Amino acid sequence: MALSIATRELDGVTILDLSGRITLGEGSVQLRDAIRELISKGIKNILIGLGEVNYIDSSGLGELVSAYTTAKNQQANVKLLNLTKKVKDVLQLTKLYTVFDIYEDEASAIASFK
Amino acid sequence: MESVSRVEEEAEKLIEAAGIDSDEGFKLVMGIREAAVNAVLHGNSYDPAKFITVTLECSQEQLMATVADEGTGFDMEKLPDPLAEENILRGTGRGIFLIRSFFDEVNFRQLHPGTEIRLVKKFAASTGASS
């Protein structure tokens, strides 16, 4: 299943609800384009919802890291919401779990941007 | 990337048929897929004239996978540690690390031309894998 991305806004935070796989050829480019578009519009608060992402590969991890660093370079913030166990396991294994701000509920995530 | 998808599908079928626990199976399929991606992307440099060759074998004792490309090879010594502080924010370089995390044995062999990676996962007696 390829990646689908739905975008919404809540309390000044742009939320990307991702669904599917973030892998080379199946979503990593879509994610990159979506983040770059938001950054180019001057959006500073970005929350990536991963609750429906059941697979991420090393390329997908790289895209999450790129999203984080691209945002940082533009004084924007990228945070993660609702990791599935599989995605959480891979983030922990690669120590990226300590890099990102990660939230389990949307209200806390939104509040963290204020 | 169609060849990578096919490798992934075949690995999933084999692992499911062997009755391997789903969490463990997920990691093994992921490792095999990473090896196939490396072969296509880094080994064969996306050259459609080049092939990857994959073997998958599963017994009660172990799962073994080999993935060979037709590329120019690479220097294992130059692979950066993705967990090192200076590398943690790199966008690439985690594929081999993930493979090594999921398999008990990971060996590389230089071919002429190409590189073969051989992955072995040994099962505990209670895993329930079958031939």
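Residues numbered from 1 in each chain as written. Chains lettered and ligands numbered in written order. Predicted model: local features only at pLDDT ≥ 70, side-chain atom pairs only at ≥ 80, totals over all residues.

Quick look at the sheet that holds strand β2 (residues 62-68) of chain B now. Residues and elements named next belong to chain B. Reading across the sheet, the four strands line up as β1-β2-β4-β3 and stay open at both edges, with antiparallel pairing between neighbours. Every other strand in the sheet has two partners, leaving β1 (53-58) and β3 (105-110) as the edge strands with one partner each. The sheet shows a mean angle of 10° between the axes of neighbouring strands, taken without regard to direction. (Pairing = 2+ DSSP bridges. Helix = DSSP H or I, 4+ residues; strand = E, 2+ residues; numbered from the N terminus. Axes fitted to C-alpha atoms, helices over the stretch in contact; angles between N-to-C directions.)

The next subject is the interface of chain B and chain A. If you look at the interface, chain B gives 17 residues, while chain A gives 14 residues. Counting residues per element, the side of chain B that touches chain A draws most heavily on helix α2 (residues 22-43) of chain B, at five residues. (Contact = placed C-beta atoms within 7 Å.)

Turning our attention to the confidence of the model for chain B. A low pLDDT score tells you not to read the predicted coordinates there in detail. Here chain B shows a mean pLDDT of 91. Residues at 70 or above account for 95%. Both scores are given for the predicted complex: the pTM is 0.91, the ipTM 0.90. (pLDDT = per-residue confidence, 0-100.)

Residues and elements named next belong to chain A. The five strands lie next to each other as β1-β2-β3-β4-β5, forming an open sheet whose pairing is mixed. With partners counted over all chains shown, the strands left at the sheet margins are β1 (4-10) and β5 (102-103), one partner each. Pairing geometry for β1 and strand β2 (residues 13-22), over seven bridges, is antiparallel. In the sheet register, Ser4 faces β2, and the bridge partner there is Ser19. Relative to strand β4 (residues 77-81), helix α2 (residues 58-73) is tilted by about 140°, and along the sheet it contacts β2, β3 (45-56) and β4.

Turning to the packing of helix α1 (residues 2-17) of chain B against α2(B), a few remarks are in order. Residue and element names in this part refer to chain B. At a minimum axis separation of 9 Å, α1 and α2 run at an interaxial angle of 155°. By the criterion of interaxial angle, the relationship of α1 to α2 is roughly antiparallel. Between α1 and α2 lies a crossing of right-handed hand. Note on element contacts: α2 touches α1 through Gly25, Leu28, Val29, Ile32, Arg33, Ala36, Val37 and Val40, opposite Ser3, Val4, Val7, Glu8, Ala11, Glu12, Ile15 and Glu16. Grouping the constituent residues of the contact of α1 with α2 by class yields 10 nonpolar, two polar and four charged. (Parallel < 35°, antiparallel > 145°, perpendicular 65-115°, else oblique. Left-handed = near helix turned anticlockwise from the far one by under 90°. Nonpolar A, V, L, I, M, F, W, Y, C, P; charged D, E, K, R; others polar.)

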